[in-house]
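# Results of the structural survey
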Amino acid sequence: MSAVTRTPPAPPTAVVWDPALLEYRFTATHPMDPIRLELTERLTRDLAVFDSPNLTQVSPKIADDDALATVHTEEYIAAVHAASDTGAASPKHGLGSEDTPVFEGIHTGAARIAGGTLRLAEALAAGTAVRGVNFAGGMHHASRAKAGGFCVYNDTALAIQHLLDTGTRRVVYIDVDAHHGDGTQEIFYADPRVMTISIHQSGTTLYPGTGFPNEIGEGQADGTSVNIALPPGTGDAGFLRAFHAIIPQLVRAFEPEVVLSQHGCDSHADDPLSDLRLSIDGQRQLALDIGHLAEEFTGNRWIATGGGGYSIHQVVPRAWAHLTAIVSGSPVPLNTTTPVSWRDYVRKTYQVEAPEHMHDDAELWWRSWELGYDPEDAVDRAVIQTRKEIFPLHGLDPWFD
């Protein structure tokens, strides 16, 4: 009698969406155009991802000041309120800069994004969901007392703090945005319960100019801030090699109970704001790899957010539709054609020809770290710098583990 293979049930998954999320809009010409969210939601829906019986759509609430104060100072929250109500800039708080201009309703818009990711943390803490996605979230540059890089309230930090406050012992935060996740790192820099891992283009060549291997945390949290600073021009092979040479080993050593990830897709070769060269195929693979870490180490408990991404018609919708499908347990095959209904909508509404495929036809292959280290290779040098800083603090050998 042959054995029967049973496919495990797809995890209960909550996805945050409400058209009100489109109200987080700085100016008509600002790179963070909410069109990217509209087109992501429409593509995901047209691909029938939202039809999965294990997936529940939830509306974001507007995070109140008490919740925001768990990760931001009261003075900063008051400054955001003032900017929202009167249009007053506050350079001390990063409000009114070229990157983060003030607009009417900036508090409500930012608090709604934060409230969306907080809802996912509440669902995980309550046991009503195992996984969650807020592709409008990922505001990783917002620090405890200052806005930065298009980010006002740090939704990922708010969700992590809620998980800690409701009994989660350890959370690992994995950030694959092209830019360093500086705000999230700063908020938890001295908290040994949170490991922040950011793999990004080096701060020597890209905003915010931070995220170097020697930023390792402080006090009892030494070794819980992890930074992999990659050279400009890094593509799928280098990014995935660096990811697998460092991140699975540290997640295993840290023993988290929840994975929270930030999937800024500005690492794509077509993105105007970074110098990395990833494909949609590589970004999809990163989401799959982070999902495998959640399966192996946290009992599938995983919250994923969006982040950066400024190729708003060609890249962002495909990257985050893949992400949403992967988190829900039903990945969209790479060879899928984008729905004609979606392409027609993009053409008629924005006079843009949208991609016909859910892939870039990239050749995904990367060299395993076990095959050896090349001191002439800039990616390998970045990897070994991080391994030498961090691995010994977790009982790992920087050369062989």
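Before reading further, recall that the structure is shown in the block above.
Residues numbered from 1 in each chain as written. Predicted model: local features only at pLDDT ≥ 70, side-chain atom pairs only at ≥ 80, totals over all residues. Heavy atoms only, no water.

The secondary structure content of the chain amounts to 11 helices and eight strands. Whereas a compact globule of 401 residues would reach a radius of gyration of roughly 21 Å, the chain reaches 20 Å, a difference of no more than 12%. On the principal axes, the C-alpha backbone points of the chain span a range of 55 × 50 × 45 Å. Going through the 401 residues of the chain one by one, you find that 60% of them count as buried. Within the chain, counting contacts between residues at least 6 apart in sequence, those at least 24 apart form 76% of the total. When the accessible area of the chain is evaluated, it comes to approximately 15,300 Å², of which 50% is carbon and sulfur surface. (Helix = DSSP H or I, 4+ residues; strand = E, 2+ residues; numbered from the N terminus. Rg over C-alpha atoms; globule rule 2.2 N^0.38 Å. Buried < 20%, exposed > 50% of the residue type's maximum accessible area, 1.4 Å probe, protein only. Contact = heavy atoms within 4.5 Å. Areas by Shrake-Rupley, 256 points an atom, 1.4 Å probe, with all protein chains shown as cover.)

Residues D64, D65, D66 and E74 make up a contiguous surface patch of negative charge. Positionally, E74 belongs in helix α3 (residues 74-86). (Patch = residues over 30% accessible without salt bridge, like charges linked within 9 Å, V, L, I, M, F, W, Y side chains within 5 Å. Salt bridge = Lys/Arg side-chain N within 4 Å of Asp/Glu carboxyl O. Lys, Arg positive; Asp, Glu negative; His and termini not counted. Charge placed at Lys NZ, Arg CZ, Asp CG, Glu CD.)

Bringing the packing of aromatic side chains into the picture now. The full count for this structure, using the stated rule, is nine aromatic pairs. Here F26 and F103 contribute two aromatic rings whose centre-to-centre distance is 5.5 Å and whose plane-to-plane angle is 90°, an arrangement assigned as edge-to-face. Residue F26 is located in the loop between β1 (13-16) and α1 (35-46), and its partner F103 is located in the loop between α3 and α4 (106-126); the two are separated by 77 residues in the primary sequence. Of the two residues, F26 and F103, both sit in the buried class. (Phe/Tyr/Trp six-rings, centres within 6.5 Å; stacked < 30°, edge-to-face > 60°.)

A sheet is described by the order of its strands in space; here eight strands give the open sequence β2-β1-β3-β8-β7-β4-β5-β6, paired in parallel fashion. Every interior strand has two partners, whereas the edge strands, β2 (55-58) and β6 (225-230), have only one. Within this sheet the neighbouring strands show an average axis-to-axis angle of 15°, counted without direction. Bridge analysis of β1 against strand β3 (residues 131-134) gives three bridges, and the strand direction is parallel. Residue V15 lies in a different strand from β3, and its bridge partner there is V133. Lying on the sheet, helix α7 (residues 236-254) is in contact with β4 (171-175), β5 (194-201) and β6; it crosses β5 at an angle near 175°. (Pairing = 2+ DSSP bridges. Axes fitted to C-alpha atoms, helices over the stretch in contact; angles between N-to-C directions.)

Right, let's get into the environment of V194. Locating V194 in the fold gives a position in strand β5. You can call V194 buried: its relative accessible area is 0%. As for V194 and Q161, which are separated by 33 residues in sequence, their C-alpha atoms are 9.3 Å apart. The contacts of V194, once residues within four sequence positions are left out, are I160, L164, V171, F188, T224 and F254.

To continue, consider the nonpolar core. Formed by 123 residues in total, the largest nonpolar core has its most connected members in Y24, Y153, I174, I199, F243, I246 and I247. Other than its neighbours up to four places away in sequence, I199 contacts D175, V176, D177, I228, L230, F239, A242, F243 and I247. (Core = buried A, V, L, I, M, F, W, Y, C linked by side-chain atoms within 4.5 Å.)

A few words on the environment of Y76. By the element assignment, Y76 lies in helix α3. The class of Y76 is buried, set by a relative accessible area of 0%. C-alpha separation for the pair Y76 and E255, spaced 179 residues apart in sequence, amounts to 34 Å. Discounting chain neighbours no more than four positions away, the residues touching Y76 are H93, L95, R144, A145, K146, A147, V152 and Y153. Only 2.6 Å separates the side chain of Y76 from the backbone oxygen of V152, close enough to count as a polar contact. (Polar contact = N/O pair within 3.5 Å; in protein donor to acceptor, adjacent residues only side chain to side chain.)

Moving on, we get to the state of the cysteines. Under the counting rule described, the total for this entry stands at zero disulfides. Free of any disulfide, C151 has its nearest cysteine sulfur in C265, 14 Å distant. Assessed through its relative accessible area of 3%, C151 is described here as buried. Classification of C265 as buried rests on a relative accessible area of 2%. (Disulfide = S-S within 2.5 Å.)

Judged by how many residues are buried, strand β7 (residues 258-262) sits mostly within the fold: five of five residues are covered. The two faces of β7 match: V258, L260 and Q262 on one face and V259 and S261 on the other face are all buried. The pairing of β4 with β7 spans five bridges and is parallel. What sits directly across from I174, in β7, is S261. Sheet topology places β7 next to strand β8 (residues 302-305); four bridges connect them, and they run parallel. Bridge pairing in β8 links L260 to I303. Since β7 and β8 lie parallel, the crossover through helix α8 (residues 280-297) that links them has a hand, and here it is right-handed. (Right-handed = clockwise from strand over helix to strand, strands pointing away.)

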